[in-house]
Amino acid sequence: MKRLYLCTCNKTIDQVLDFKRITKELKGVFDSIEIVHDLCLKEGLEALGQSASREDSIVIGACSSQTLGIPVRHHVKSELVSFVPIREQIAWVHAKEKDSATYKAIVLLSDAAVRLDYLEPTTKFTETTVDEILVIGGGIAGLKAAFDLSRLGIKVTLLEPLGMREDSYLKDYRFIADSESLHDLLKTLQKGLSKVQRMQGVISELTGQVGSYEVTWANQDGTTTSQECGAIIVATGAEHFLPQIAKKFLHGKSERTVSLHDLLNSPRKEGKKRRSILVAVDPESPLASVEGSHLLRSARELSLRGNTVFVAHTDIRTEDENLYRAARDSGVIFIRGSIKRVKETDLGLTCRIANSLESLDREVTVDTIAVFPVIGPSSSNEGVSKSLGLNLNENGFIEIRYSKMKPVQTSRRGVFVAGNAHMPMGLVYTLSSAQNAALEAFKIVRSPLKRSGWIPVIDEETCDLCKACLDTCPNDALRLIDDRIVHIPSHCEFCGICVSACPTRAIEFQSHSKESWFARFETIAETHRRLEGKRPFTFVFACSECANASIDQAGFAGKEYPTGSYVIQFPCAGMVSPIEILKGLVVGAEQVILAHCPPAGCHHRTGDHLSELVVSFTREMLREIGQDPERVRATYMIAALPNKMQQEVGSHD
Amino acid sequence: MAKTVVVVGAGVAGIQVSQQLADLGFVVHLVDRESTVGGLSAHLGKVFPTDDCALCLDACEELFSGHHRRCQYRSLLGSQKKLNLHTQTQVKSIKREGNGFSVSVKTSPRYILLDRCVVCLECIHACEVEVEDEFNLGRGTRKAIYRPIPQGVPLAPLIDMDSCTRCGKCVEVCGVGAINLDQRAKTRTIRADAIVLATGVEERLPHILPGYAYGECEDVLTQRELARLLDPTGSTVGKALTASGQPAKSVTMILCAGSRDLNAIEYCSQVCCTYSLKHALMLREQGIDVSLCYMDLRVPSHSRHYLELARESGVKFVRGKPDHVVVRDGRPVTVVENTESLERLEMGSDIVVLASPLIPLASQDGSFTDLLDADGFCHRRSKKPGVYACGTSTGPTDIPTSVAEANSVALEIYTDLMGVGK
């Protein structure tokens, strides 16, 4: 049975919408129409659960599914439920146009009834996982991640670069903390690694999927090893380099110019006379705070060894303000400015320091210039990212999915990045990052992966094997295996981007087939015309993440807008293809607006960008055939900007 | 029996650690003294590094398989089985009890019953009492029964009893009996196996720096107040207006207004440079001239684009720490030495914005005193077993770091309480 439940929300929605009229118009469409008053309360949900049977398909016209969806799902036995937000998206924003608001409700509820014809239950799958984690290390984060996982009883393999030695940690990572802290930390970590399998090798291949990956690496002796693991943590660390500008400081030309680390590492000779040292920083390369802290600690250390230390600097960002004071108190002399020229004379190195903030240059003559190294990506990042299918950012560090809230997740599911492999960071953040990665890896292997959702279905006859879907899927959820496109459910995030990528429309998304869109748009247009006559209307194709959240929030924030637009939810705006847009125009919409997540913020990573491409392409097509391209446009919407809908379809002010 | 964790503070870090702990099988009691969650992020509108909503949270596995991010308002924080949210709740005392703690909390009355309210908003329409909207700088009004922010969770309104006249109109229109004007404060004791302090920070109101005319001139604001002004849900619909309602044409920003200052707060508040630049860009988008006085510009690597864009968009950078701000003819005038040109400048503008220090909230509460350092911040892993901290309660920091720290603390707690052999 097709059932409709309309909620009055404490008898308020029916003050704006004419429920009698709605019921009358939809009598032929639904087998049963029930009006309730508090669907979201415990008694309302229980009544709903008792009234609707497992075989029913249900439309709920009430508040937004963003807040009602899951409570309903817990109480209703049927999986075939469609929501129409008559509160946030009609009653709360169209109170000044009661008649049109009622018509809009009728249109959208009719649409939902058609949607029920195409709804399918979600596909459910369970994947077993291999109870083992591979940490690809080389630095502190790798040790820490292995340590944390080992403590939980998880089998860990720590794979480090060929030829790596114990003292590498102290030498190569001296920049992340003072040497005492680093020393103590390493002692603690090494003690906890007794159960960790430690190997050295170079990653060459990754096959499999999250929960059951197989990694292959090349050993020292040329043989290869393959191992299964449930998740992978990339902690390849960072390296420090002498900046290009070292040449200007006469590095390589004069023996007096050395790298700072060589100076710090050189053994102290007894009775060595006091030297004057200028620590030279590359003014063009902005220092991360870990580098700034390292600069201050190093300068202080050199000063405490009895040298006169100058630091030529611009902005120094540091993790701990006290490091400045400690350096100054130890006698370090800070000169703001950049080194313009260095000349070697018998007296030493004469350096001209120009300060862009003052009109005078200074000259200082020193025995030694210690060039401050910059931190750059590990040389193994290129190889590792290629073998594992990860992305590198423009600086060669390993990219994360979303810089604000996903600090360790990479573009590949089940592969995490920790520590300096992602960006230069000090000790405290390195440890957090490593433990964060350990948590995410642990969550994958601790129990079988249970997921459910609507998945893409590929029609092999229509499929050309062009692989556009493979390339476009942001989650590696489609693969070419034995001349077939195969879906990997454990990687799928149910976005539907693959649908729009396919040029032959060989992929249809469960519950969202082309047929379903056509039937729904036709119903909307027909119903609209019947009730509103020749009044123009707009389709708003809104993603069910940020865009829909924003449209709901327009209701909460009282940002009213005129009737005349119908919001259609898509799992991701990236799923919209020119077919849906053109059909929208063909059934009579004056405009089609695509609303997606903000740039750099798409919940599915690439959907916003793809939807902009689709719209741009469609506009070009329209222009070519003599239609007004302005009939189609794309925009972003976010919950923090509840006025977005007003900006797009107008406001009453 | 499942182990229980009490998380104090429902800001970004508090929510993150709570969701992770709930996913890991703990029973979590998340308490916050405010009426809605989000902490400082709820004030901010858009945040760096991604220039999108401050309200974005990681979603919990229990409800959202696939783990998409969700806005606070659709995160169903109040409906998760293992995660118990207690707003308007303060920790009164923490006593050690066996291997765990006995945490006494007091919940102030909301006067709205959270399990009855359907958020129909009729009570708000019916209320006739209007007062200054303190959340939005006192510009604009709200009712005595109100929802502080549109996206605020819990979604139900609350009553400001100090302004309420007890006329009872709201009770009349509430068809579900969700309003109880006689609701009393409730005290309860929660037995916890671990405690997480995620109490966060707040902006220090700059009265300590009288030279900057804050409080004297209504057009001298803090950066957080500017964020309210620029938020489309604020009282000016996102337009930068002066207190008298005129569109601002020029804004002067003063960074380090009280941070890195031996006379005020000694430490660096870490994130103000970046969010000041973020606001500067938003002002430039409205065609407003912006001058920014700074000592240093400290921008993390994931947010360097703010600095580059600010330079490109014509923000005027003045290196110098302003000596004072005077008020002439009702306008604030910033007096600063440009150390670049060695000129003494007097810059008049419509609005002056101070980047005030971020100070820890934990130090304002007597219950935590012995867990804090000299500046009032907590250690991630405190010397007292069973007590942890994450987010800005351990030191001012940005959202990505808070999230990473919260995640790492979740695993730490799991390891300590449920590790192998336990």
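Values in this document were obtained by computation on a predicted structure and should not be read as measured data. Just so you know, the residues in each chain are numbered from 1, in the order the chain's sequence is written. All chains are assigned letters beginning at A, and all ligands numbers beginning at 1, according to the order in which they are written. Local features in this predicted model are restricted to residues whose pLDDT is 70 or higher, and side-chain atom pairs enter the listing and the counts only when it is 80 or higher, whereas totals over whole chains, interfaces and linings include all residues. The side-chain figures draw on all heavy atoms in the structure; neither hydrogens nor water molecules are used.

Asks: Can you break down the overall build of chain B residue by residue, with the values?
Replies: To qualify as a helix, a DSSP run of H or I must reach at least 4 residues; to qualify as a strand, a run of E must reach at least 2; elements of each kind are numbered from the N terminus. Looking only at helices and strands, one finds seven helices and 26 strands in chain B. For chain B, with 422 residues in total, the buried portion stands at 66%. Sequence separation of at least 24 residues holds for 64% of the intrachain contacts in chain B that already meet a minimum separation of 6. When the accessible surface of chain B is totalled, it reaches about 15800 Å², and 48% of it is carbon and sulfur. For each residue, the accessible area found with a 1.4 Å probe, counting protein chains only, is set against the maximum for its type, and the residue is called buried under 20%, exposed over 50%, and partly exposed in between. By definition, residues are in contact when any of their heavy atoms lie within 4.5 Å. Under the convention used here, a 1.4 Å probe and the Shrake-Rupley method define accessible areas, while residue burial counts only the protein chains that appear.

Asks: Quick rundown of helix α7 (residues 399-418) of chain B? Include the residues and the values.
Replies: An expected span of 1.5 Å times one less than the residue number is assigned to each helix. The end-to-end C-alpha separation of α7 of chain B is 28 Å, in line with the 28 Å expected for 20 residues at 1.5 Å each. Of all 20 residues that make up α7 of chain B, 19 are buried, and the element is covered over most of its length.

Asks: Summarise the sheet that holds strand β30 (residues 565-570) of chain A; cite the residues concerned and give the values.
Replies: Residues and elements named next belong to chain A. DSSP calls a pair of strands paired once it identifies at least 2 bridges connecting them. The strand order β30-β29-β31-β32 describes an open sheet built from four strands, whose pairing is parallel. Two strands bound the open sheet, and with one partner strand each, they are β30 and β32 (632-636). The average angle at which neighbouring strand axes cross in this sheet is 20 degrees, direction not considered. Across six bridges, strand β29 (residues 538-543) lies against β30 in parallel orientation. Angles here are taken between N-to-C directions and fall from 0 to 180 degrees, while the axes themselves are lines fitted to C-alpha atoms, restricted in helices to the stretch in contact.

Asks: Please give an account of the nonpolar core that cites residues and values.
Replies: One broad trend across soluble globular proteins is that nonpolar side chains are buried collectively. Leu17, Ile232, Leu388, Phe539 and Phe541 of chain A together with Ile413 of chain B are the most contacted members of the largest nonpolar core, which has 217 residues in total. The split into domains, and so the bounds of each, comes from an automatic or database assignment of domains. Residue contributions to this core reach at least three from each of two domains, namely domain 1 (4-107 + 185-202 + 359-418) and domain 2 (122-173) of chain B. Residue contacts for phenylalanine 539 of chain A: discarding those within four places in its chain leaves Phe521, Ile524, Tyr566, Ile568, Gly584, Val587, Ala589, Gln591, Val592 and Ile593 of chain A. Buried Ala, Val, Leu, Ile, Met, Phe, Trp, Tyr and Cys residues that are joined via side-chain atoms within 4.5 Å together make up what is termed a nonpolar core. In this structure, Phe48, Val201, Cys273 and Leu358 of chain B belong to the second largest nonpolar core, which totals 39 residues.

Asks: Please provide a residue-by-residue account of the packing of helix α4 (residues 223-230) of chain B against helix α5 (residues 272-285) of chain B, values included.
Replies: Residues and elements named next belong to chain B. Look at α4 against α5: their axes get within 11 Å of each other, and the N-to-C directions meet at 35 degrees. The chirality of how α4 crosses α5 is left-handed. Judged by residue contacts, Gln223, Leu226, Ala227 and Leu230 of α4 engage Tyr275, Ser276, His279, Met282 and Leu283 from α5. For any pair of crossing helices, the crossing counts as left-handed if the nearer helix is rotated counterclockwise from the farther one by less than a right angle, and right-handed if it is rotated clockwise.

Asks: Could you give an account of helix α20 (residues 607-624) of chain A, with specific residues and numbers?
Replies: Residue and element names in this part refer to chain A. The end-to-end C-alpha distance of α20, which contains 18 residues, comes to 26 Å, matching closely the 26 Å that a straight helix rising 1.5 Å per residue would cover. Contact partners of the buried residues in α20: α15 (468-472), α16 (497-501), α19 (578-586), β31 (591-596) and β32. Just beyond α20, the residue with positive phi is glycine 626, at close to 80 degrees.

Everything listed is a geometric property; what it means functionally is a separate question.
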